[in-house]
Amino acid sequence: MSDCLFCKIAAGEIPSKKVYEDDLCCAFYDIDPQAPTHFLVIPKEHIQSVSQVDGANQATVGHIFAVIARLSKELGLESYRVVSNIGDQAGQSVHHLHFHVLSGRDMTWPPG
Ligand code: 5GP
Ligand code: ZN
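So, here's what we can say about the structure. (Residues numbered from 1 in each chain as written. Chains lettered and ligands numbered in written order. Predicted model: local features only at pLDDT ≥ 70, side-chain atom pairs only at ≥ 80, totals over all residues. Heavy atoms only, no water.)

Bringing the nonpolar core into the picture now. Counting residues in each nonpolar core, the largest one holds 15 residues, and the members touching the most others are Phe 39 and Val 41. Looking at this core, the elements with two or more residues in it are strand 2 (25-29), strand 3 (37-43), helix 2 (58-74) and strand 5 (99-103). Counting 10 residues, the second largest nonpolar core, distinct from the first, contains Phe 6, Ile 9, Phe 28 and Leu 40. (Core = buried A, V, L, I, M, F, W, Y, C linked by side-chain atoms within 4.5 Å. Buried < 20%, exposed > 50% of the residue type's maximum accessible area, 1.4 Å probe, protein only. Helix = DSSP H or I, 4+ residues; strand = E, 2+ residues; numbered from the N terminus.)

Near ligand 1 you find 16 residues, and of these Asp 30, Asn 85, Ser 93, His 98 and His 100 are the closest. One nitrogen or oxygen atom from the side chain of Asn 85 is found 2.8 Å from an oxygen atom belonging to ligand 1. For ligand 1, whose unbound accessible area comes to 520 Å², protein coverage reaches 82%. The cavity that encloses ligand 1 is the largest pocket. Looking at the shell around ligand 1, the elements with two or more residues in it are helix 1 (5-10) and strand 2. When residues of the shell around ligand 1 are assigned to their parent elements, the largest contribution, three residues, is made by helix 1. A class-by-class count of the residues in the shell around ligand 1 yields eight nonpolar, six polar and two charged. (Near = heavy atom within 4 Å. Polar contact = N/O pair within 3.5 Å; in protein donor to acceptor, adjacent residues only side chain to side chain. Areas by Shrake-Rupley, 256 points an atom, 1.4 Å probe, with all protein chains shown as cover. 1 Å grid on protein atoms, 1.4 Å probe; cavity = no way out; pocket = protein on both sides within 12 Å on 5 of 7 lines; lining within 4 Å. Sits in = over half its atoms within 2 Å of the grid points. Nonpolar A, V, L, I, M, F, W, Y, C, P; charged D, E, K, R; others polar.)

Considering only enclosed or pocket space, the largest pocket measures out at about 720 Å³ in volume. Every residue lining the largest pocket is counted, 30 residues in all, and those nearest its centre are Asp 30, Gln 34, His 38, Leu 40 and His 100. Listing elements by their share of the lining of the largest pocket, those giving two or more residues are helix 1, strand 2, strand 3, strand 4 (80-83) and strand 5. The biggest single contributor to the lining of the largest pocket is helix 1, with three residues. In the lining of the largest pocket, the residues fall into 15 nonpolar, 10 polar and five charged. (Points joined across faces, edges and corners; volume = space filled by probe spheres on them.)

A few words on helix 2. Residues spaced three or four apart along an α-helix point in a common direction, a consequence of the helix completing one turn every 3.6 residues. The terminal C-alpha atoms of helix 2, which comprises 17 residues, lie 24 Å apart, in line with the 24 Å expected from a rise of 1.5 Å per residue. Where the residues of helix 2 are buried, they touch strand 1 (18-21), strand 2, strand 3, strand 4 and strand 5. Within two residues after helix 2, Gly 76 carries a phi angle of roughly 75°, on the positive side. (Expected span 1.5 Å × (residues − 1). Contact = heavy atoms within 4.5 Å.)

Locating Tyr 20 in the fold gives a position in strand 1. Placed 29 residues apart in sequence, Tyr 20 and Ser 49 show a C-alpha to C-alpha distance of 21 Å. Excluding anything up to four places from it in sequence, Tyr 20 contacts Cys 25, Cys 26, Ala 27, Val 67, Arg 70 and Leu 71. Only 2.8 Å separates the side chain of Tyr 20 from the side chain of Asp 22, close enough to count as a polar contact.

Below, the structure is given as structure tokens:
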């Protein structure tokens, strides 16, 4: 999508501090970290949110979770939280599917 911030980051048109990249997805550090380690993993394909995951893109989403598991091991994260906000009330500010990976501090439950 031409006016989507994360499509532009995935395409390298907007700079980011990339952690990982392959044909299907990329991971980069959040510009406003909410934990000592906070990166985002996104599909390169534009998907609006979890609400738009379907049979055609579910393999990409499964791949993203395998990438999260591998990256977290490589970064030595022993405990971490994976979050995806869906819709405005849940706090989604960028309407391109992304998974936050947060680690390095105590976390509370329920989330705010
Ligand atoms: P959401 O609020 O949609 O769940 O998460 C969007 C995230 O994207 C936020 O944590 C925000 O800090 C991050 N973000 C917004 N703009 C940029 C940017 O230009 N670069 C990077 N690296 N992160 C961004
Ligand atoms: Zn997009």
